[in-house]
Amino acid sequence: MNADGAHADLVEELLAGKHRALARVITKIENRAPGYRELVSQLHQHTGDAEVIGITGSPGAGKSTLVDKMANRYRERGETVGVIAVDPSSPFTGGAVLGDRIRMASNVGDMDVFFRSMSARGHLGGLSTATTDAVKALDAFGKDKIIIETVGAGQNEIDIVKTADTVAVLVPPGSGDNVQMLKAGILEIGDVFAVNKADLDGADQTVQELREMIHMRGTAGSGMASSGHHGNAGGSDRMKGGAGDEGDGEDGEDEYDWEPQVVETIAKEGEGVEEFLGVLADHYEYLEESGLLETRAQTRYAEEIRTLLRNDVSALMEDEIEAQGGIEKMADRVLERETDPYSVADDVLKPLRDCLEEQ
Amino acid sequence: MSADSQQQSIRCLVAKVGLDGHDRGAHVIARAFRDAGFEVVYSGLHNAPDEIVQAAVQEDVNVLGISILSGAHNTLVPKIIDGLKEYDAFEDTLVLVGGVVPDDDKEELKEMGVAEVFGPGTPMEETIEFVRENAPER
């Protein structure tokens, strides 16, 4: 009861524009503090106005520097900015050094750039939930642009940028021969590519290779075309979250025919930033006009609901396993050939299944 | 494990304020904090009090560690504390100072609201233990 009251105040203060409240709400989200779900629920109706941009790329690509300059330009136009920078945490101690703030030099002392560091905290798949919720907090607070910055190293990180309307991938020059370009991974998720540090040797070649790659995935021979389209639609497919989306026809309403753009930037000098922002805006406009912005949001919410349900159901099952004597006991019975894993799973699920059927 | 299980973590801002350009000590403490399992936000060199306040508020840190070697603590620390108060962030932030601070000034800083001052040669474990025991809850 008490916690509820405190949270109501927090929501009120956040909506009233108190930075401290916004910061505290994000902490509660990160900590999965008691009552945080209710908090996020209350914020939801105040969200939906921000444009969310994901920035990813290998370490050292210059993401933070570019984000700093982006935030600065947006501010010059009178828009407010929220930034969430995700850094890895130690798998051994859980500790982390979150160093991206250092590079936010252009926005020092400007509270309307709200920069928040988040650590991965070793969550299994939970990080993207926490990030999505933190984005909601910034959105409800009234930020016009929200930038999510993360190292594009693995599945978790790619999940995070899925929260964004537009995903930009930063590629440093000479970051690989054409074999690297062929490899699957972050290159497939980009709506926009920025070859940063474009003043370095090899920048032209990297731009060239990226363009070729994009060209190939767009217009390969007929056999390739469908997979090419798939790669291309990766932009929209990625929103669908893999399995269980039979509803959407392959070439249904979700026609994503945006051709990824390649921009050259020298973030440190601020060069190319304006052009980069222009392309991001173009992409957003494309999403709006094609109606994809809404379709994608819907798909995202569907996926969010699924994720929550999966987590909740698995928590329920953990409780049920405990109630039935614990997982070790069950495993022992399987080991003794008294039963088998399928039967055990059936037994554990039975009460839940019965309950749902009776409804 | 459900992704919903609570995950508290001690968050610290390690800040270099003012003009001194020597941050070896700040690096060492940042790393030690990380190894202790804390989440450390490092501010970089040459921060103004404003910047420190902005970072501490936005990052919602439980602990603010200010490293000063220049002797300017008497002018800089009060500014930071006032800034934290302005954002209602002073009450639940543990403020620590590290560096070369004369005994008289130490007392003054503590009266101002600094929880502890760690001079040169303080064993890292002592600082970490102090943080573990005194970091305010979130």
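Values in this document were obtained by computation on a predicted structure and should not be read as measured data.

Attention now goes to the pattern of salt bridges. Residue and element names in this part refer to chain A. Scanning all chains against the criterion turns up 31 salt bridges over all chains. For the salt bridge of Arg300 with Asp165, the shortest nitrogen-to-oxygen distance reads 3.3 Å. Taken as a pair, Arg300 in helix α11 (residues 292–323) and Asp165 in the loop between α6 (155–161) and β6 (166–171) lie far apart in primary sequence, 135 residues in all. The salt bridge involving Asp354 is made with Lys350; its shortest N-O contact spans 3.0 Å. A residue pair is termed a helical-turn pair when its members lie 3 or 4 positions apart in one helix, as Asp354 and Lys350 do in helix α13 (residues 341–358) at four residues. Judged by relative accessible area, Lys350 falls into the partly exposed class, the value being 46%.

The subject of this paragraph is the interface of chain B and chain A. Taken together, the 34 residues of chain B in the interface contact 38 residues of chain A. Across the interface of chain B and chain A, roughly 3,200 Å² is buried in total on both sides, 47% from carbon and sulfur atoms. One can count eight salt bridges joining chain B with chain A. Here A:Arg24 ties to B:Asp92 by a salt bridge, and the two come within 2.8 Å at their closest N and O atoms. The interface formed by chain B and chain A holds 23 residue pairs in polar contact (both at pLDDT 80 or more) in total. For the side of chain B that touches chain A, the element with the most residues is helix α2 (residues 49–59) of chain B, which contributes seven residues. Across the side of chain B that touches chain A, the residue classes tally to 11 nonpolar, 12 polar and 11 charged. Relative to strand β2 (residues 39–42) of chain B, strand β3 (residues 96–98) of chain A runs parallel, the two being bridged by three bridges. The residue of β2(B) that forms the bridge with A:Val97 is B:Val40.

Our next topic: the packing of aromatic side chains. Residue and element names in this part refer to chain A. Under the counting rule described, the total for this entry stands at four aromatic pairs over all chains. A ring pair is formed by Trp258 and Tyr286, whose centres lie 5.7 Å apart and whose planes are at 40°; its orientation type is tilted. Residue Trp258 is found in the loop between α9 (222–240) and β8 (261–264), and its partner Tyr286 is found in helix α10 (residues 273–290); the two are separated by 28 residues along the sequence. Grouping residues by exposure puts Trp258 and Tyr286 together as buried.

All names here are of chain A. Note on placement: Ile160 falls in helix α6. Residue Ile160 is classed as buried on the basis of its relative accessible area, which comes to 0%. Considered as a pair, Ile160 and Thr132 are 28 residues apart in the sequence and their alpha carbons are 7.6 Å apart. Sequence-distant contacts of Ile160, that is, excluding residues within four places in its chain, are made with Val86, Leu127, Ser128, Thr131, Ile148 and Thr150.

We now examine the packing of helix α3 (residues 73–86) of chain B against helix α4 (residues 103–112) of chain B. Residue and element names in this part refer to chain B. Taken N-terminus to C-terminus, the directions of α3 and α4 make an angle of 10°; their axes are 11 Å apart at the nearest point. Judged by the inter-axis angle, α3 sits roughly parallel to α4. Across the interface between the two elements, His73, Asn74, Val77, Pro78 and Ile81 from α3 touch Asp105, Leu109 and Met112 from α4. Residue composition of the contact of α3 with α4, by class: five nonpolar, two polar and one charged.

In space, the six strands of this open sheet follow the order β3(A)-β2(B)-β1(B)-β3(B)-β4(B)-β5(B), with parallel pairing throughout. Each edge of the open sheet carries a strand with a single partner, namely β3 of chain A together with β5 (116–118) of chain B. For this sheet, the mean angle separating the axes of adjacent strands, direction not counted, is 25°. Packed on one face of the sheet, helix α1 (residues 24–35) of chain B meets β3 of chain A together with β1 (11–16) and β2 of chain B and runs near 175° to β1(B).

Moving on: the sheet that holds strand β5 (residues 145–151) of chain A. Residue and element names in this part refer to chain A. Spatial ordering of the open sheet is given by β4-β2-β5-β1-β6-β7-β8, a layout of seven strands whose pairing is parallel. For this open sheet the edge positions go to β4 (113–119) and β8, each flanked by a neighbour on one side alone. Neighbouring strand axes in the sheet, compared pairwise and without regard to direction, differ in orientation by 20° on average. As paired elements, strand β1 (residues 51–57) and β6 share five bridges and run parallel to each other. Paired with Thr56 across the strands is Val169, a residue of β6.

Let us look at the side chain of B:Thr93. Note on placement: B:Thr93 falls in the loop between α3 and β4 (94–99). The exposure class assigned to B:Thr93 is buried, which follows from its relative accessible area of 8%. For B:Thr93, the residues in contact, after removing those within four places along its chain, are A:Arg20, B:Val61, B:Asn62, B:Val63, B:Leu64, B:Pro136 and B:Arg138.

Scoring rules and cut-offs
Residues numbered from 1 in each chain as written. Chains lettered and ligands numbered in written order. Predicted model: local features only at pLDDT ≥ 70, side-chain atom pairs only at ≥ 80, totals over all residues. Heavy atoms only, no water. Salt bridge = Lys/Arg side-chain N within 4 Å of Asp/Glu carboxyl O. Helix = DSSP H or I, 4+ residues; strand = E, 2+ residues; numbered from the N terminus. Buried < 20%, exposed > 50% of the residue type's maximum accessible area, 1.4 Å probe, protein only. Contact = heavy atoms within 4.5 Å. Buried area = accessible area lost by both parts, 1.4 Å probe. Polar contact = N/O pair within 3.5 Å; in protein donor to acceptor, adjacent residues only side chain to side chain. Nonpolar A, V, L, I, M, F, W, Y, C, P; charged D, E, K, R; others polar. Pairing = 2+ DSSP bridges. Phe/Tyr/Trp six-rings, centres within 6.5 Å; stacked < 30°, edge-to-face > 60°. Axes fitted to C-alpha atoms, helices over the stretch in contact; angles between N-to-C directions. Parallel < 35°, antiparallel > 145°, perpendicular 65-115°, else oblique.

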